[in-house]
Amino acid sequence: MMEDFNLQDELTLLQQHNQSESVDYEFTDHINDPQDLDAVNDCINGVVDSITGQPEMIKQQQVFDQFRSLLKHSETNQLPTSVIHKLIDAILSGFTNEIDATLSDENLTDHTAYRSHRVALEMYAFLVQWMVGAMERAWGMRGAGASTEAGPGKKSKPTKSKKSAASKEREEFIWPNAIPEVLKVMSRALTKLRTERIWQTGPERDGFVSNCFMKPSNLIAESESHMKVPEIKMGVYKVICFAAKTHGQAFSAQMTIMQNLQYTEHLSESMADLVAILAKEFDYSQLGEEVLREIADKQFNAQDTKGPRSFSKFLIRLAETSPRMVLKQVVLLQKHLDSESYPMRNSILEVIGLLIRELTISDGNGTDSDPEVVKRQVEGFFELLFERFLDLNSYVRSKVVTVLLKTCDLPTKFPKLRVRLTDLAVRSLHDKSSQVRRNCISLLTKLILTHPYGRMHGGELCLSEWMERFEKLESELKVLDLPEQEALKEAMELMGDGEDADEDADEEEDAEEGEEKQEGAEADDDSEEPSKEGEEEDSTAGSPSKKTKSPKSKTKSKAARRKSDGLDLAAADQSHLLAAVDQDTLARLRLTKKYYQDAISFIRQIEEASQTVIQLVASVVKSEVLEAMEFFKIAYEYKVEAAEAGVKRMLHLIWSKDEATTEEDGKEVKGIRSRLIECYSQLYFDPIPDLSEKDQVSRVAKNVIELTRDATLAELTSLEQLLGVMMAKGVVSDEVITKLWAVYSTPKDIPRFQRRGAIIVLGMFAAPKPDVVSENIELLLKIGLGPHGKADLILAKYTCTALNRISGSVKKVKGSLEDVSVRLPMDSPVFTRLQDAIMHPSKSKEWFSMAEQALNTIYGLGDQPDALCSDILRQMTTRVFTPKMSSDDDVDGAVGGGEDSEPRDDISTYDGVAPSVAPTYAQTAFGATPGKASNHVPVMGSAFELSQLIFVAGHCAIKQLVHLELVERDIKRRKAEETAKAGGKSAAQDELDQVAGSTEDDIGDTIAATKEKELLYGKESLLAIFGPMASTIVSQPKIYRNSMLKTAATLALAKFMCVSAQFCEDNLMMLFRVFETSKEEAVRSNIVIALGDIAVCFSNIMDENSDRLYAGLHDKDLTVKKNTLMVLTHLILNGMIKVKGQLGEMAKCLEDEDKRISDLAHLFFTELSTKEKAIYNNLPDIISHLSSGNSPVDEETFMKSMRFIFTFVDKKKEAESIVEKLCQRFQMATEPRQWRDIAFCLSLLPFNSETAFKRLVEGLPFYQDKLHEDGVHKRLLEILTKARANKAKNEQDIKEFEDALEEHRAKGTEDQELQKKVVKTTKRKARTTTKAKATRSRRRQQSTPPSSPE
């Protein structure tokens, strides 16, 4: 018998043995060879037989040693599976039987028999503890694969490998399947046993419960795979809960929980569940409160990430499961809001959000809490959350927005707090962190969805409608409200009822108190009107001001009484009216007014936020863009007026290339392009419930037409792409297209924008599906090119665009000879109507855009467009140059007048007075002899008609150029087809083509010669007449003063220059001169765009004069400046022109006052940085232009610009080279401003290498005499700080360099002071010398006698 068994000694020896193999746990080992299955089976069978029916036999030395022998060898996986199963069953059954035996001997008066089971219980508990540790170690040795696949109720997969029977049996043992039974026995022991009666001292009982029950259960919990099994997890919870509640192990459980939180992260939420179960099921919340107090006293370091993260999960989980427990300790936990560790701050914010939810939901649900106390608690929690908007860490700011986002879904709306919340969200839209901005947009979206202003008027947030309601209500209240309390009182006193007036005043005070109570009652009855907390609402900024009433006075002075000589009948009548009105109705009206004020204030906050969210639509962060799209979608559905601009801005996202669908946090996130299509489908195309099919079609047609109203060219381009994609995906139904045709062709007198919008949208739908238009050509000719089109040139223009869709919109593949476009014969009525539209007399500026589209359609659809365009040009020339006699007044008005005078619609020329463009070109065109036209009779012509002619000629030239390229491709295609039919080229022919050139080369040369020599210089070319005409008009602006004519001629000249290199070379200098001297912004803007096209066509010619193109960057007109920047960006990035030191001019635009220009400049340098060494090679020129060029920028602008540009200098070798070059620039710099600029540029470099710092030290002779300048010295000290931080050099070398800097600075300061003294002395001597000379001169004059009269 082992009556001397000491549990603590045995546990200590076992622990030492497990920790170190050198310490031997001595006992009689009954298994000499674990591979001897017979001996092992004899041993296990022996112990089973011994304890069966007699659990106290465990106290026999041999039985206990046999158990220990089996457990010892089970740790190393050397026992068969059947033996391990028997071993576990034997220990558990023996322990269970011993517990039952102990309970049977329980006696309330005599504890002797009860205590006699102590040794057996300790021995069984010891074996259970050892068994759990041995099985855990053995299971861990088998690998994680078995643990993840196995579990209670799961079967292990059979293996196909050939092993011994014992090995196969061992592999079939699954320890997790046995754990629930082990925990069940342990729980039963703690439930049934009265340990305080068996173990009389506390340490003995603690040793038994803590070491043999809590320690093994915690060991099981340390395995993450075990805790994923519900049966195991609940078993662990029960063991710890019973030990803490009924066996005095609360402190031990507390220590276990804290250790698990500190070192085992996966147990953080499990420990929270444990505390919650202990409080709810075991009615023991003291342990959780102690744990919370201990956590509140802990200090967390900012560098520690694991610990705070684990404690954060614990707090959040506990607040979810037992919020009331956390609420009691939240005052102590609040100090972690100032913790250095941001995860702890985040967790407290999350806890506060959960507590707000708990207080809000439980309020009024049978709890004993005082509503006022709850209200103050909620307000205090919100204040804590609002303070965190100013947290330094962006993750905390983002978390507080997320927490507040969840509070918006609560049934109580907190109207007063929502006002502040909305203000903070709007302000945080300017946060530097994209995550914070994104969450704030989500918060604003949620605020719209959950706003409390929806019950009375349906929830729409249209500001104009709410203002109308507010003004109407205010007018009603003006009738019912008394003018002033004092006025009523005075009127009553004048009637002799002074005492009654006092009583009335008192009654009105009581009535107002009743109204306040009524407000509270109304708020409780109707949470939406305006809220549950209506009594606490105040008027907010931005809402219509509420009329205030002067304070009541209970006494009136006699002087005041004498001022009113008669009775105020209006006040008396109004008082009678007020008395007749029910007080409840009046209170409701006043409450409704406050309700309207709050709603208007909220709408204005949302509209203010919309202006910022519009900018975030163009963000480079995908999640931010998606949230902005969702915001505008929701706001548009709620009729927020400012949302329309955001929805239109979203159109441009159709050009995004992001279409991929990804997963974030388990949610499917669509690409920007896909989400845009989905938003527009939901807003404009998806059916509305309870709407008939016919009304639904009309609604969709109206929506798409409204999209075109007042749309810019950029918006129309993006809309065309969007609708084309939606048409291709089948979003648009045929009924909608039919409805749009009905709107377009209706005979009714409808607004012009509707008919225009219908044909614009139809043309967009026809881009992917030309049948939309080709099936209704007659309708287009009848409406758009008929009377309606002649009356509305914009309608005619878009009709031409729609007609052009007939040819198809298949993209041409470079090098491909395929042509799938549709061509119509020239006798088609389409071309007749197009010609009539161009020739129809018009004085509208819209004619030019219409004529351009008409010519595009002619060249796009006609098989011989040049013939028709030649006829149009001849007819227009005849109309323009047909002599028209005019009076002298008309002539003087056309030719005379200053440059600033209003240009007339007519132009005139005289033979011999001015270059007679009109008769010369008219006669040349029709075969007459120049010089015999008019015998000095004034010939008048319409300037507008000449503008039309020259515009058509120029556009025909550029379209003819494109047409020739199509002809060339068509000829090559036919030649290729003939060759293919003939069986292909032979090898000899192939070789000959390589030497002498192929037929395709000949065709290309012929077409190129035609474009160069025939179009503008051919004897029979009609365009040859108009090139010199345009050149003459552009070169003589003082003669041809009409603004429209100059604009059209300049545009036509630029188009002619794109046709022929010779013509371009002849007129390029003149075009540059006009660009520099013209006073008209439209002309300059057109020229700069044209110069970009010329650079693409003839890069060699343009490259020689590209420096003159940069002059547009200094233009006063923003449009010209923006166009110049865009053209240069395109040309430089695509390699069309070479940069010759002019990037400094582009850099000056980085800080331009106009945001569009500044953004374009930033985009240019960002794209330029992707090219190899582009920034690095031009950096010296950029610095020179900004610092010491012809027009240097100020120092602040220089710093901002260079700080941005230097972000692209990120390579070590480049930075090292720049250090050397900048140091050498000090030699050439003569002004202190230049020294400071160079030093600032040096300070922007990283200095993260030894070489860079070495070159700075070597360059000291170049700048040592400039160190007396404070700006230079300051920047070099910044460099030293940066070098120390980057450890670019050892501290001794940096210190030596710093000492050298200080020495040269002191010397330079002395030299400067000495120089100042010398200059001062020199000036003093000069003044003294001048005075002495003046004195001598006066004395000489005084001593000289006056001269004689002779």
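Each chain has its residues counted from 1, running along the sequence as written. With pLDDT at 70 or above as the cut-off, local features in this predicted model cover only qualifying residues; side-chain atom pairs require 80 or more to be listed or tallied, and sums for whole chains, interfaces and linings still use all residues. Excluded from the side-chain calculation are hydrogens and water; included are all heavy atoms of the structure.

Colleague: Is there a simple way to explain the confidence of the model for the protein in this structure?
Modeller: Low pLDDT means the predicted coordinates in that region are not meant to be read closely. pLDDT is a residue-level measure of predictor confidence that goes from 0 to 100. Predicted confidence across the protein gives a mean pLDDT of 79, with 79% of residues reaching 70 or more. Throughout residues 144-170 the model reports pLDDT below 50, and contacts reaching past four residues in sequence, or to other chains, amount to 34 contacts. Ignoring residues within four places in sequence, the model shows residues 484-569, a span with pLDDT below 50, making 121 contacts including any to other chains. Throughout, a residue-residue contact means that at least one pair of heavy atoms, one from each residue, lies within 4.5 Å.

Colleague: What is the right way to read the pattern of salt bridges from this model?
Modeller: Once the charged atoms of two side chains with opposite charge are near each other, the side chains can pair. Here, a salt bridge means any side-chain nitrogen of Lys or Arg that lies within 4 Å of a carboxyl oxygen of Asp or Glu. Taken as a whole, this structure holds 52 salt bridges when the rule is applied. Here Lys 446 and Asp 409 are joined by a salt bridge, their closest N and O atoms 3.4 Å apart. A residue pair is termed long-range when its members are at least 10 positions apart, and Lys 446 in helix α22 (residues 434-449) and Asp 409 in the loop between α20 (394-407) and α21 (415-427) qualify at 37 residues. Exposure classes here rest on a 1.4 Å probe applied to the protein chains alone. A residue is buried below 20% of its type maximum, exposed above 50%, and partly exposed in between. On the accessibility criterion, Lys 446 (22% relative accessible area) is partly exposed. For Asp 409, a relative accessible area of 48% puts it in the partly exposed group. Across the salt bridge formed by Asp 598 and Lys 594, the nearest N and O atoms sit 3.0 Å from each other. Helix and strand definitions follow DSSP, with helices as H or I runs of at least four residues and strands as E runs of at least two, each counted in order from the N terminus.

Colleague: Please clarify how unusual backbone geometry should be interpreted in this entry.
Modeller: Across residues other than glycine, the phi torsion is negative in most instances, and most of the peptide bonds are trans. Backbone geometry places Phe 414, a non-glycine residue, at a positive phi of 50°. Following the sequence through the fold, Phe 414 ends up in the loop between α20 and α21. On the basis of relative accessibility, which here comes to 5%, the residue Phe 414 falls in the buried class. Phi is positive for Lys 1173, which is not a glycine, with a value near 55°. Tracing the backbone through its elements, the reader meets Lys 1173 in the loop between α55 (1155-1168) and α56 (1174-1188).

Colleague: Quick question: what am I supposed to make of the packing of helix α33 (residues 713-728) against helix α35 (residues 752-765) here?
Modeller: A pair of packed helices can be characterised by two numbers: the angle between their axes and the separation between those axes. Axis definition: a line fitted to C-alpha atoms, over the contacting stretch in the case of helices. Angles run 0 to 180 degrees between N-to-C directions. It is the contact of α33 with α35, at a shortest axis distance of 8 Å, that shows an interaxial angle of 55°. The pairing of α33 with α35 is recorded here as oblique in orientation. Here α33 runs over α35; the crossing is right-handed. Two secondary-structure elements touch here, α33 through Leu 716, Leu 719, Glu 720, Leu 723, Gly 724 and Met 727 and α35 through Ile 760, Val 761, Met 764 and Phe 765. Note that Gly is not counted as nonpolar here; it falls among the polar residues with everything else outside the nonpolar set of Ala, Val, Leu, Ile, Met, Phe, Trp, Tyr, Cys and Pro and the charged set of Asp, Glu, Lys and Arg. Of the residues contributing to the contact of α33 with α35, the split by class is 8 nonpolar, 1 polar and 1 charged. By the definition adopted for this analysis, an angle is roughly parallel if under 35 degrees, roughly antiparallel if over 145, roughly perpendicular if from 65 to 115, and oblique otherwise. With the far helix as reference, a near helix turned anticlockwise by less than a right angle produces a left-handed crossing, and one turned clockwise produces a right-handed crossing.

Colleague: What should I look at first to understand the packing of aromatic side chains in this one?
Modeller: Here the distance between the centres and the angle between the planes together describe a pair of aromatic rings. By convention, a stacked pair of Phe, Tyr or Trp rings (six-membered ring in the case of Trp) has centres within 6.5 Å and planes under 30 degrees apart, an edge-to-face pair has planes over 60 apart, and any other such pair is tilted. The tally for this structure, following the rule as stated, stands at 29 aromatic pairs. Seen in terms of ring centroids, Tyr 595 and Tyr 596 are 6.1 Å apart; in terms of plane orientation they differ by 40°. Their pairing is tilted. Across the pair, exposure class does not vary: Tyr 595 and Tyr 596 are buried alike. In textbook terms, an aromatic cluster arises when at least three aromatic residues are bridged by ring pairs, as seen for Phe 95, Tyr 124, Trp 199, Phe 208 and Phe 213. By the criterion adopted, a ring carries a charge over it if an Arg CZ or a Lys NZ lies within 6 Å of its centre and within 35 degrees of its normal. In this arrangement the basic side chain of Arg 709 is found over the ring face of Phe 753, its NZ or CZ atom lying 3.9 Å from the centre. Over the aromatic face of Phe 1198 sits the side chain of Arg 1233, whose NZ or CZ is 5.9 Å from the ring centroid.

Colleague: Please clarify how the packing of helix α11 (residues 202-221) against helix α12 (residues 230-246) should be interpreted in this entry.
Modeller: Between α11 and α12, the least distance of the axes is 10 Å, while the angle of their chain directions is 150°. In terms of orientation, α11 and α12 fall into the roughly antiparallel class. Relative to α12, the crossing made by α11 is left-handed. Residues Val 209, Phe 213, Met 214, Ser 217, Ile 220 and Ala 221 of α11 pack against Ile 232, Val 236, Val 239, Ile 240 and Ala 243 of α12.

Colleague: For this particular structure, what's the right way to read helix α2 (residues 37-51)?
Modeller: Within an α-helix, residues lying three or four positions from one another point in the same direction, as the helix has 3.6 residues per turn. By this rule, a helix spans an expected 1.5 Å times one less than how many residues it contains. The first and last C-alpha atoms of α2 sit 22 Å apart over 15 residues, in line with the 21 Å expected at 1.5 Å per residue. Inspection of α2 places Val 40, Cys 43, Ile 44, Val 47 and Ile 51 among the buried residues, and these make up the whole buried set. Projection of α2 onto a plane perpendicular to its axis shows the buried side chains occupying an angular sector of 90°, all on one side. Relative to its buried face, α2 has exposed residues pointing more than 90 degrees away, namely Asp 38, Asp 42 and Asp 49. Buried residues along α2 sit against α3 (61-74), α4 (81-104) and α6 (118-141). Looking one or two places after α2, you find Gly 53, whose phi comes out positive at around 80°. Note that the arc is defined by the directions from the helix axis to the C-beta atoms.

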